[in-house]
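Remarks on the overall topology
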Amino acid sequence: MGNLIIGNLLRFVGRRLDGYKTTIGGVGMILSGLAGLIGYVFPDQPDLPRMDVEQALLTISGGFAVLGLGGKAEKVKHAVAGNKPAGGGDP
């Protein structure tokens, strides 16, 4: 019974966030990398993640890559569906 409720709740949230999941993931990676840089600058803070500078910058750049690829995927999805892309541009 609990699995049914959790499954329905996750399905509902997934449908509501359709089109925003990639953006949320990319922004989350960028924020995680920034928290890693802050954790590197202030190593005595126990709640911040411990990352070196290279790992934090790699996480930030990965977040930007996810945002870029997600935007391209949304444009392709709209083009296949026959809708005009939300950002304008060439039809």
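Residues numbered from 1 in each chain as written. Predicted model: local features only at pLDDT ≥ 70, side-chain atom pairs only at ≥ 80, totals over all residues. Heavy atoms only, no water.

So, the overall build of the chain
Within the chain, the secondary structure is distributed over 3 helices and 0 strands. Counting over 91 residues, the chain shows a buried share of 14%. At a minimum sequence separation of 6, the contacts of the chain that also span at least 24 residues come to 50%. (Helix = DSSP H or I, 4+ residues; strand = E, 2+ residues; numbered from the N terminus. Buried < 20%, exposed > 50% of the residue type's maximum accessible area, 1.4 Å probe, protein only. Contact = heavy atoms within 4.5 Å.)

Topic: helix H2 (residues 21-41)
Taking 1.5 Å as the rise per residue, H2 with 21 residues should run 30 Å; its terminal C-alpha atoms sit 30 Å apart, in good agreement. Listing the buried residues of H2 in full gives Gly-26, Ile-30, Gly-33, Gly-36 and Gly-39. On its buried face, H2 is in contact with helix H3 (53-81). (Expected span 1.5 Å × (residues − 1).)

Describing H3
One turn of the α-helix equals 3.6 residues, which is why residues spaced by three or four share an orientation. Compared with the 42 Å implied by 1.5 Å per residue over 29 residues, the 42 Å span of H3 between its first and last C-alpha is a close match. Tucked inside the fold, the buried residues of H3 contact H2.

Considering the packing of H2 against H3
Two elements in contact, H2 and H3, have axes whose closest approach is 8 Å; the angle formed by their N-to-C orientations is 165 degrees. As far as their axial angle goes, H3 and H2 are roughly antiparallel. Seen along the crossing, H2 lies across H3 with a hand that is left-handed. Side by side, H2 and H3 meet where Thr-22, Thr-23, Gly-26, Val-27, Met-29, Ile-30, Ser-32, Gly-33, Leu-34, Gly-36, Leu-37 and Tyr-40 of the first sit next to Val-53, Ala-56, Leu-57, Thr-59, Ile-60, Gly-62, Gly-63, Phe-64, Val-66, Leu-67 and Gly-70 of the second. Grouping the constituent residues of the contact of H2 with H3 by class yields 13 nonpolar, 10 polar and no charged. (Axes fitted to C-alpha atoms, helices over the stretch in contact; angles between N-to-C directions. Parallel < 35°, antiparallel > 145°, perpendicular 65-115°, else oblique. Left-handed = near helix turned anticlockwise from the far one by under 90°. Nonpolar A, V, L, I, M, F, W, Y, C, P; charged D, E, K, R; others polar.)

Focus: the environment of Leu-37
Note on placement: Leu-37 falls in helix H2. Measuring from C-alpha to C-alpha, the distance between Leu-37 and Leu-48 comes to 9.3 Å, with 11 residues separating the pair along the chain. Discounting residues that sit within four places of it in the chain, Leu-37 has contacts with Val-53, Ala-56, Leu-57 and Ile-60.

What to know about a nonpolar patch on the surface
A cluster of nonpolar residues, Leu-9, Phe-12, Val-13, Leu-17, Tyr-20 and Ile-24, forms a patch on the protein surface that exposes about 590 Å² of accessible area. The dominant element in the nonpolar patch, judged by the number of residues it contributes, is helix H1 (residues 2-16), at 3 residues. (Patch = residues over 30% accessible without salt bridge, like charges linked within 9 Å, V, L, I, M, F, W, Y side chains within 5 Å. Areas by Shrake-Rupley, 256 points an atom, 1.4 Å probe, with all protein chains shown as cover. Salt bridge = Lys/Arg side-chain N within 4 Å of Asp/Glu carboxyl O.)

Some points on the side chain of Thr-59
Take Thr-59: it is sitting in helix H3. A relative accessible area of 17% places Thr-59 in the buried class.

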